[in-house]
Amino acid sequence: RGYDASTVALWGLGYDPVSDRLSVPLRDRYGALLGVAYRRLDVVKHGKWIYPKNFPKKSNLHGAWLPLPRGTKRVALVEGLPDVIRVRQAGVPVFGIHGSYFSEDHQTILHRLNVREVVRFYDNDDGGRKADRSTKEVINGIHIFKVDWSGFDEGTDPGDLSLNQIRKLWKGAS
């Protein structure tokens, strides 16, 4: 996906050649390790991400342990692990919701981090639209904006974009 060395180090990304899996450490908002998510490279045959049993997706925002730049009040929300990593690599403050459901616990974390605005940067597909709806239904006390996927193919997600495309969509969110 074009991650540079500093991005690989920041997120602790790994690869196991024996199982042919990528690995991403999962942390709580304080940085404590909760487990590791794995992804087989042959996703057509094996599906996407494998999370640890009982991992609390609805009460975890991926990336929330990383410091935000001083004074940051606006963050992007994305669905998946590679999306969080790629969008952060583009210099955008971002958290991942681990799927297509935004929960009350996610909102609580955003409030604790003093976030005042979120940009819904979800995938341009049915799952992204589901995440978008759940965010609009749950969020309270935080201004919400959305990226404009006009001109992009159905099914495009933030992890597939160039860094410049990510920055442009982020800046144009309304």
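On a predicted model such as this, the values are computed, not experimentally measured, just so you know.

1. Concerning the packing of helix H3 (residues 81-89) against helix H6 (residues 163-172)
Move 1: Where H3 contacts H6, the two axes come as close as 9 Å, and the packing angle between them is 85 degrees. It follows from the interaxial angle that H3 and H6 lie roughly perpendicular. Residues Arg86, Val87 and Gln89 of H3 lie in contact with H6, whose contacting residues are Leu163, Ile166 and Arg167.

2. As for the packing of aromatic side chains
Move 1: Counted by the stated rule, this structure contains four aromatic pairs.
Move 2: Measuring from centroid to centroid gives 5.5 Å for Tyr51 and Phe55, while their planes differ by 25 degrees, and the two rings are stacked.
Move 3: In this structure an aromatic cluster arises from ring pairing among Phe121, Trp149 and Phe152.
Move 4: The lysine or arginine in question, Arg74, covers the ring of Trp170, its NZ or CZ lying 5.8 Å from the ring centre.

3. Describing the pattern of salt bridges
Move 1: This structure, assessed with the given rule, holds six salt bridges.
Move 2: The closest approach of N and O atoms between Asp126 and Arg129, which form a salt bridge, is 2.9 Å. Taken together, the residues span about one helical turn, with Asp126 and Arg129 both in helix H5 (residues 126-138) at a distance of three residues.
Move 3: Using a relative accessible area of 31% as the deciding quantity, one classes Arg129 as partly exposed.
Move 4: A salt bridge links Lys136 to Asp132, with the nearest nitrogen and oxygen atoms 3.8 Å apart. Residue Lys136 and its partner Asp132 are both found in helix H5; the two are separated by four residues, about one turn of the helix.
Move 5: Residue classification places Lys136 among the partly exposed positions, given a relative accessible area of 45%.
Move 6: In the salt-bridge network here, residues are joined through shared partners; they are Arg120, Asp132, Lys136 and Lys146.

4. Things to note about the pairing of strand S2 (residues 21-27)
Move 1: Pairing of strand S1 (residues 14-16) with S2, which is carried by three bridges, proceeds in the antiparallel orientation. Bridging across to S2, Gly14 finds its partner in Ser23.
Move 2: As consecutive antiparallel partners, S1 and S2 are separated by four residues, and within that stretch Asp20 has a phi angle of approximately 55 degrees, a positive value.
Move 3: Of the pairings in the sheet, the one linking S2 to strand S3 (residues 33-40) comprises seven bridges and is antiparallel in character. When the bridges of S3 are listed, Val24 appears paired with Ala37.

5. Focus: H6
Move 1: Of the residues making up H6, those classed as buried are Ile166, Leu169 and Trp170. Here the buried residues of H6 occupy an arc of 100 degrees about the axis, which is enough to place them on one side. What points out from H6, more than 90 degrees from its buried face, is the exposed set Asn164, Lys168 and Lys171.
Move 2: Buried residues in H6 make contact with strand S5 (74-78), H3 and strand S7 (117-120).

6. Some thoughts on the sheet that holds S1
Move 1: Strands sit in the order S1-S2-S3-S4 across an open sheet of four strands; the sheet is antiparallel. Both edges of this open sheet fall to S1 and strand S4 (49-50), since each of them pairs with a single strand only.

What counts as what
- Counting of residues starts from 1 at the beginning of each chain's written sequence and follows it residue by residue.
- The model is predicted, so local features are restricted to residues of pLDDT at least 70 and side-chain atom pairs to those at 80 or more, both for listing and for counting; the totals for chains, interfaces and linings are taken over all residues.
- The side-chain values count all of the structure's non-hydrogen atoms but skip hydrogen atoms and water molecules.
- Every axis in this analysis is a line fitted to C-alpha atoms, fitted for helices over the stretch in contact. Angles between the N-to-C directions lie between 0 and 180 degrees.
- The numbering of helices and of strands both runs from the N terminus, where a helix is a DSSP run of H or I of at least 4 residues and a strand a run of E of at least 2.
- An angle below 35 degrees is treated as roughly parallel, one above 145 as roughly antiparallel, one from 65 to 115 as roughly perpendicular, and anything else as oblique.
- In what follows, a contact means two residues having at least one pair of non-hydrogen atoms within 4.5 Å.
- Any pair of Phe, Tyr and Trp rings, taking the six-membered ring for Trp, is counted once the centres come within 6.5 Å. Such a pair is stacked with planes under 30 degrees apart, edge-to-face with planes over 60 apart, and tilted for the rest.
- Put simply, a charge is over a ring when the Lys NZ or the Arg CZ is close to the ring centre, within 6 Å, and near the line of the ring normal, within 35 degrees.
- Criterion for a salt bridge: a side-chain nitrogen of Lys or Arg within 4 Å of a carboxyl oxygen of Asp or Glu.
- With a 1.4 Å probe rolled over the protein chains alone, any residue whose accessible area is under 20% of its type maximum counts as buried; one over 50% counts as exposed, and the rest are partly exposed.
- Each pair of strands is called paired provided DSSP finds at least two bridges between the two strands.
- Here the arc refers to the directions that run from the helix axis out to each C-beta atom.

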